[in-house]
Amino acid sequence: MKIDKDLKEALDPEILEIIEEFKEDIVSLSGESKSKDKITTSSLWMDNVLGGGYSVGSWSNFYGNEEAGKTSMGLVWGRNWQLNFPKDGYVFCFDAEGRITHERLFNSGISTSPDQFLRIPTNRAETVYNMSERFIRMGNKKCFILVDSLDALELGSDAEKQF
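Reading the values: the criteria
- Residues numbered from 1 in each chain as written.
- Predicted model: local features only at pLDDT ≥ 70, side-chain atom pairs only at ≥ 80, totals over all residues.
- Heavy atoms only, no water.
- pLDDT = per-residue confidence, 0-100.
- Helix = DSSP H or I, 4+ residues; strand = E, 2+ residues; numbered from the N terminus.
- Contact = heavy atoms within 4.5 Å.
- Phe/Tyr/Trp six-rings, centres within 6.5 Å; stacked < 30°, edge-to-face > 60°.
- Buried < 20%, exposed > 50% of the residue type's maximum accessible area, 1.4 Å probe, protein only.
- Pairing = 2+ DSSP bridges.
- Axes fitted to C-alpha atoms, helices over the stretch in contact; angles between N-to-C directions.
- Expected span 1.5 Å × (residues − 1).
- Arc of directions from axis to C-beta.

### Comments concerning the confidence of the model for the protein chain
Overall, the predicted model of the protein chain reaches an average pLDDT of 82, with 80% of residues at or above 70. Across the protein chain, the secondary-structure element scoring lowest on mean pLDDT is helix 7 (residues 156-159), at 62, and the one scoring highest is helix 5 (residues 102-108), at 95. Overall, residues 30-35 carries pLDDT values under 50, and its contacts beyond four positions in sequence, including any with other chains, amount to six contacts.

### Here's the deal with the packing of aromatic side chains
Scanning the entire structure with this criterion turns up eight aromatic pairs. Relative to Trp77, the ring of Tyr54 has its centre 6.0 Å away and its plane inclined at 50°; by these criteria the two rings are tilted. On the criterion of sequence distance, the pair formed by Tyr54 in strand 2 (residues 54-55) and Trp77 in helix 4 (residues 70-84) is long-range, its members being 23 residues apart. Tyr54 sits in the buried class, given a relative accessible area of 9%. Taken together, Tyr54, Phe62, Trp77, Trp81, Phe85 and Phe144 form an aromatic cluster joined through their ring pairs.

### Considering the sheet that holds strand 4 (residues 117-120)
The three strands are arranged 4-3-5 in an open sheet whose pairing can be described as parallel. Of all strands in the sheet, those bounded by a partner on one side alone are strand 4 and strand 5 (142-148). Ignoring which end each strand starts from, the neighbouring axes of this sheet average 15° apart. Note: strand 3 (residues 89-95) against strand 4, four bridges, orientation parallel. What sits directly across from Phe94, in strand 4, is Ile120. Packing of helix 4 onto the sheet brings it into contact with strand 3, strand 4 and strand 5, and relative to strand 5 it is tilted by some 170°.

### Describing helix 4
Owing to its 3.6 residues per turn, the α-helix brings residues three or four apart onto one side. Taking 1.5 Å of rise per residue, the 15 residues of helix 4 would be expected to cover 21 Å, and the 21 Å separating its terminal C-alpha atoms lies within 8% of that figure. Where helix 4 is concerned, the buried positions are Thr71, Gly74, Leu75, Val76, Trp77, Gly78, Asn80, Trp81 and Gln82.

### A word on helix 6 (residues 125-137)
Here helix 6 is 13 residues long and its end C-alpha atoms lie 18 Å apart, about the 18 Å a rise of 1.5 Å per residue gives. Those residues of helix 6 not exposed but buried are Ala125, Val128, Ser132 and Phe135. Viewed end-on, helix 6 has its buried residues packed into an arc of 100°, placing them on one side of the element. Facing away from the buried side of helix 6, by more than 90 degrees, are the exposed residues Arg134 and Arg137. Of the surrounding elements, those touching the buried residues of helix 6 are strand 3, strand 4 and strand 5. In the stretch just after helix 6, Gly139 is the one whose phi turns positive, near 85°.

Laid out in structure tokens, this is it:
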């Protein structure tokens, strides 16, 4: 990983030290991307906004009003991932809201075959993070990770608190 000279000068020395320690695990800083591959979102407008689709090796956070289609669009992107990587593309779907139904999966066109898809019903932030990290590090699969939704995740320590 290459650190932009201007960014390096602007960073706090302690932050720079941490980045140096983990530089082998960091894909990019300052907009630099390890991969230039793009996968269509199936929306001409969205592909145009994203410069041709979403980038392989990146992450995105999409947000908007309730019932605006974010989950459905995420599942379509997962289907496109499977189509782009038919042999080793895998979709991990963290269903934190409990709203991903068989009908929604069917309508998106995503393959729910166990060799291409896994739905994981959890709203624990630590679980999502730790499992995602393990999936990515497997190395034998190209992972697409969908979290529905980040807002529904809770910290394990918060679950025991009384309000």
